[in-house]
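# Summary of structural features
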Amino acid sequence: MELAKRVSTLTPSSTLAITAKAKELKEQGHDVIGLGAGEPDFNTPQYIIDAAVRSMEEGHTKYTPSGGLPKLKEAIIEKFKQDQGLTYTAKEIIVGTGAKHVLYTLFQALLNEGDEVIIPSPYWVSYPEQVKLAGGEPVFVEGKESNDFKLTPAQLEPVLTERTKAIIINSPSNPTGSLYTQEELAALGEVCLKHNVLIISDEIYEKLVYDGAKHTSVAEISPQLKENTVVINGVSKSHSMTGWRIGYAAGPEALIQAMTNLASHSTSNPTTSAQYGAIAAYTEDDGSVEKMRVAFEERLHTIYDKLVAIPGVSCVKPKGAFYLFPNVKEAAALTGHETVDDFVKVLLEEEKVALVPGSGFGAPDNVRLSYATSLELLEAAIDRISRFVEMKRSK
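Notes on the structure in this doc start here. Model, not experiment: these values are computed from the prediction. (Residues numbered from 1 in each chain as written. Predicted model: local features only at pLDDT ≥ 70, side-chain atom pairs only at ≥ 80, totals over all residues. Heavy atoms only, no water.)

### So, the pairing of strand S3 (residues 116-121)
- The buried count for S3 comes to six of six residues, which makes it a mostly enclosed element.
- The side-chain alternation of S3 yields two buried faces, one formed by Glu-116, Ile-118 and Pro-120 and the other by Val-117, Ile-119 and Ser-121.
- One ladder, built from six bridges, connects S3 with strand S4 (residues 137-142); its direction is parallel. Looking at the pairing, Glu-116 lines up with Glu-137 of S4.
- The β-α-β motif built from S3, the intervening helix H6 (residues 126-133) and the parallel element S4 has right-handed crossover chirality.
- Note that S3 and strand S5 (residues 164-170) share three bridges and pair parallel. (Buried < 20%, exposed > 50% of the residue type's maximum accessible area, 1.4 Å probe, protein only. Helix = DSSP H or I, 4+ residues; strand = E, 2+ residues; numbered from the N terminus. Pairing = 2+ DSSP bridges. Right-handed = clockwise from strand over helix to strand, strands pointing away.)

Dropping the structure here:
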C-alpha cells in the first residue's frame, strides 16, 4: 500500500521515543529513572475530577458544540480578563482536544502551500511537523544560548519574506524554560505588525513561572498586537490535566470560525466530561495550581546547581515550565561520544537515566531534562549522570 506523501516526511517524536525505550527497560526489570515526560507528576486536583464525574451523573454525556461548551468559553473569557486584562467574545474562542490539536487545526485553517512559518529554535517537536502537514514550510531561526535561547528583532526581520505567514512564540518555552519579557515581546511584535505577520503565542506553561518572574502575553501589550495574535493555551500543564485533552485558542473571529468549521469535520467536539472538568478548573480554586508551581520551583533550585557542577555541563537557568535544557556537548566529548545522541543512548543503557536528545528540538548540543518528578528521583538521576561522566572521563 502506498501511503500519503504528507506522512512520509514526518519525524517521529523524540520525546515519545525515549519514553517508550525507558518503559521497555522498566518492563525488563531495570531501575530506570525517566526524565523525558512533558507532564506534571501530580494527579489532577480532586475538585476537577469531581466536577467531571458529576457532569456525567447529571446526564452531560452527549455532543457539545464543535467549538466548545458556551460555559467553558465564558470561563476562558473571564480567565483572560482576570489574568491579562484581555476581552474576547465567544466567537473569538475555540476549545479543542488539547492545545496540540488546536495548533494543528490552526495551521490547517491558516496555511496554503508554500506559506512560511518562522519557528525559533530550540522548538517544541510538533511545531515543524504540523506546519509541514498543512503544506507550509518551517523557517528555523536559532535562539542563541547566550540570549537565553530567545529570538531578537535583528534576527527576525532579515528572514521575513513575502511568503511569511506567521511566527510561533512559545513563552515559557518547551524545551528551554525561557521567558520573554514584555519589552522583548513588544519589539518582536513591532516587526510582525510592520510586515503583517501573524503571531501564534503558545502560552501553555503560563502558570509555571519562578523566582518572581511575570508571564506576559504578547496580546496584552497593545490592541494592535491583540488583533494580530492567536493565543494558544489549555489546562494540561497548569492543572495537571494532560490526559483530559482540553486546549483552546483565542484570536481573530474569522480565523477562529474557520478553525471551528474544520473541527466539526475532524473531532465533532472535545470530550464533554473533560470540558466540565475544565470549567471547574477555571471557576473554582483549591490552591492546587500554586502548590504545584511551588513544588516545581523547589525542585528547580535543588537540582540546578548539582547539574551544572557535572564536568562538561552548562545550563541556562529557566524561568518557567518544568524543563532544564543543559548543553552537554563537552560532557559527551569527555565520555568519548561523538554526538549528544550517542551520549544519551549510552547513559540510558548503562545508568538507566532517560533524557531527551536536543536534536529533536533543533539543538543537537543539548538534552531536555524534565523535573516533573519527585526530588528523590531527580537527585538520584543527577548522581547517576555525574557518575557516568566521571567514570567515562577517567578511562
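Let's pick the thread back up.
### Description of the packing of helix H5 (residues 99-110) against helix H10 (residues 253-264)
- Two numbers describe how H5 lies on H10: the axes approach to 9 Å, and their chain directions differ by 110°. The angle between H5 and H10 places the two elements in the roughly perpendicular class. For the pair H5 and H10, the contacting residues are Val-102, Thr-105, Leu-106, Gln-108, Ala-109 and Leu-110 in the first and Leu-255, Ala-258, Met-259, Leu-262 and Ala-263 in the second.
- Within the contact of H5 with H10, the residues separate by chemical class into nine nonpolar, two polar and no charged. (Axes fitted to C-alpha atoms, helices over the stretch in contact; angles between N-to-C directions. Parallel < 35°, antiparallel > 145°, perpendicular 65-115°, else oblique. Contact = heavy atoms within 4.5 Å. Nonpolar A, V, L, I, M, F, W, Y, C, P; charged D, E, K, R; others polar.)

### Notes on the packing of aromatic side chains
- Taken as a whole, this structure holds 13 aromatic pairs when the rule is applied.
- With 4.9 Å between their ring centres and 25° between their planes, Tyr-123 and Phe-140 make a pair best called stacked. Here the residue Tyr-123 occupies a position in the loop between S3 and H6, and Phe-140 occupies one in strand S4, the gap between them amounting to 17 residues.
- Looking at Tyr-123, the relative accessible area reads 11%, which means it is buried.
- Summarising the aromatic geometry, the rings of Phe-296 and Phe-322 are spaced 5.1 Å apart at their centres and angled 40° between planes, so their arrangement reads as tilted. Of this pair, Phe-296 sits in helix H12 (residues 288-308) while Phe-322 sits in the loop between H12 and strand S9 (323-324), and the two are 26 residues apart along the sequence. Take Phe-296 and Phe-322: they sit in the same class, and that class is buried.
- The ring of Tyr-180 has Lys-150 lying over it, and the distance from NZ or CZ to the ring centre is 5.9 Å.
- The side chain of Lys-226 reaches across the aromatic face of Tyr-88, ending 4.3 Å from its centre. (Phe/Tyr/Trp six-rings, centres within 6.5 Å; stacked < 30°, edge-to-face > 60°. Lys NZ or Arg CZ within 6 Å of the ring centre and 35° of its normal.)

### Examining the pattern of salt bridges
- Under the defined criterion, the tally for this structure stands at 20 salt bridges.
- Across the salt bridge formed by Lys-392 and Glu-350, the nearest N and O atoms sit 3.1 Å from each other. Placement of the pair is Lys-392 in helix H15 (residues 375-393) and Glu-350 in helix H14 (residues 340-351), with a sequence separation of 42 residues.
- Between Glu-390 and Arg-393 there is a salt bridge; the shortest N-O distance is 3.6 Å. With Glu-390 and Arg-393 both in helix H15, this residue pair falls three residues apart, about one helical turn. (Salt bridge = Lys/Arg side-chain N within 4 Å of Asp/Glu carboxyl O.)

### So, a negative patch on the surface
- Judged by side-chain charge, Asp-50, Glu-284, Asp-285 and Asp-286 come together as a negatively charged surface patch.
- Residue position: Asp-285 is located in the loop between helix H11 (272-283) and H12. (Patch = residues over 30% accessible without salt bridge, like charges linked within 9 Å, V, L, I, M, F, W, Y side chains within 5 Å. Areas by Shrake-Rupley, 256 points an atom, 1.4 Å probe, with all protein chains shown as cover. Lys, Arg positive; Asp, Glu negative; His and termini not counted. Charge placed at Lys NZ, Arg CZ, Asp CG, Glu CD.)

### Description of the packing of H12 against H15
- Between H12 and H15, the shortest axis-to-axis distance is 10 Å and the interhelical angle comes to 10°. Here H15 runs roughly parallel to H12, going by the angle between their axes. For the pair H12 and H15, contact is made by Glu-298, Arg-299, Thr-302, Ile-303, Lys-306 and Leu-307 and by Leu-375, Leu-378, Glu-379 and Ile-382, respectively.

### Section: a nonpolar patch on the surface
- A contiguous nonpolar surface patch, about 470 Å² in accessible area, is contributed by Met-1, Leu-3, Val-7 and Leu-10.
- Position of Val-7 among the secondary structure elements: in helix H1 (residues 5-8).

The analysis is restricted to geometry; functional conclusions fall outside its scope.
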